[in-house]
Amino acid sequence: MGRHGVFDADAILADVSGRRRGAVAALTAERGNLIAAAAGSPPHLAKPTTRGLALYTSPRGEWCVRPPKELPSPLPAPAAGIDRVLEGMDTKKWLRLVAMHTDAWLFSVATFLSHSVRLATLARQDVASHVAGHTPLWEVAEG
């Protein structure tokens, strides 16, 4: 088993799929909570006065809005500043931007995990192909 509890391509895909499931929930069914958290209101925010927030999802499909420094490491950090961008931006455009950054973050997590456990080249390519094969989150968010 690797340093991150992931040991093969299937486990990495399960990890990333769970994270994507959380992102889909945050961007669709729970979008009101996401917007409230990014604006500085509970329930998915630890400290309402914190700035420079990021959408983080777990392998279990849960999501939260936190500053990157409070997120588990050594995973790549998701894009910070969703709270700052929200101010003065159209909500639909903001959701699309968050979705695009989240897609990029999920790809970086998959790549990081693939390299951290030293997957063979073909296995890394399979993981990347699977992650890239999903409908982009911005399309899901626009529903």
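Bear in mind the structure is a predicted one, so any value in this text is a computation, not a measurement.

### So, the overall build of the protein chain
Helices and strands together make up the secondary structure of the protein chain, namely six helices and two strands. If you list the helices and strands of the protein chain from N to C, you get α-α-β-β-α-α-α-α. The burial tally for the protein chain puts 40% of its 143 residues in the buried class. Carbon and sulfur atoms form 55% of the exposed surface of the protein chain, whose accessible area is close to 7,400 Å².

### Description of the pattern of salt bridges
Taken as a whole and judged by the stated rule, the model has three salt bridges. For glutamate 62, the salt bridge goes to arginine 60, with nearest N and O atoms at 3.1 Å. Judged by its relative accessible area of 60%, arginine 60 falls in the exposed class. Glutamate 142 is paired through a salt bridge with arginine 96; the nearest N and O atoms lie 2.9 Å apart. With glutamate 142 in helix H6 (residues 137–142) and arginine 96 in helix H4 (residues 91–116), this residue pair connects regions lying 46 residues apart in the sequence. Assessed through its relative accessible area of 47%, glutamate 142 is described here as partly exposed. With relative accessibility at 30%, the residue arginine 96 sits in the partly exposed group.

### Topic: the pairing of strand S1 (residues 54–57)
Taking every second residue as pointing to the same face, both faces of S1 are buried, with Ala54 and Tyr56 on one and Leu55 and Thr57 on the other. Pairing of S1 with strand S2 (residues 63–66) involves four bridges; the strand directions are antiparallel. Looking at the pairing, leucine 55 lines up with valine 65 of S2. Following S1, the chain reverses through five residues before pairing antiparallel with S2; glycine 61 in that reversal takes a positive phi of roughly 85°.

### Notes on the side chain of serine 114
Topologically, serine 114 is positioned in helix H4. A polar contact is formed between the side chain of serine 114 and the backbone oxygen of alanine 110, at a distance of 2.8 Å. Not counting residues within four places of it along the chain, the set of residues in contact with serine 114 comprises Ile12, Leu119, Arg124 and Val127.

### Here we look at the nonpolar core
By size, the foremost hydrophobic cluster in this structure holds 35 residues, and its most contacted members are Leu27, Leu34, Ile82, Trp94 and Val127. Of all elements in the fold, only helix H1 (9–27), helix H2 (31–38), S1, S2, helix H3 (82–86), H4, helix H5 (121–132) and H6 reach the threshold of two or more residues within this core. Among the elements that take part in this core, H4 stands out by supplying nine residues, more than any other.

### Structural notes on the side chain of arginine 20
Tracing the backbone through its elements, the reader meets arginine 20 in helix H1. In this structure, arginine 20 is buried with no salt-bridge partner, the nearest side chain bearing the opposite charge being aspartate 103 at 4.7 Å. There is a polar contact of 2.3 Å between the side chain of arginine 20 and the backbone oxygen of threonine 135. Each residue touching arginine 20, except ones within four places of it in the same chain, is listed here: Leu106, His134, Thr135, Pro136, Leu137 and Val140.

Each value, and the rule that gives it
- Numbering of residues starts from 1 in each chain and follows the order in which that chain's sequence is written.
- With pLDDT at 70 or above as the cut-off, local features in this predicted model cover only qualifying residues; side-chain atom pairs require 80 or more to be listed or tallied, and sums for whole chains, interfaces and linings still use all residues.
- Hydrogens and water are ignored here; the side-chain numbers use all heavy atoms of the structure.
- The helix count covers DSSP runs of H or I at least four residues long, the strand count covers runs of E at least two residues long, and both are numbered beginning at the N terminus.
- The rule is simple: take the accessible area with a 1.4 Å probe, protein chains only, and divide by the maximum for that residue type; under 20% is buried, over 50% is exposed, in between is partly exposed.
- Residue exposure ignores everything except the shown protein chains as possible cover, and the areas themselves are Shrake-Rupley values with a 1.4 Å probe.
- A pair is scored as a salt bridge if a Lys or Arg side-chain nitrogen falls within 4 Å of a carboxyl oxygen belonging to Asp or Glu.
- When DSSP finds two or more bridges between two strands, those strands count as paired.
- Two N or O atoms form a polar contact when they lie within 3.5 Å of each other; inside protein one atom must be a possible hydrogen donor and the other a possible acceptor, and for residues adjacent in sequence the pair counts only when both atoms belong to side chains.
- When checking whether two residues touch, look at their non-hydrogen atoms; a contact exists if any pair is within 4.5 Å.
- By nonpolar core we mean a set of buried residues, namely Ala, Val, Leu, Ile, Met, Phe, Trp, Tyr and Cys, connected to one another through side-chain atoms within 4.5 Å.
- When charges are counted, neither His nor the chain ends are considered; positive counts come from Lys and Arg and negative counts from Asp and Glu.

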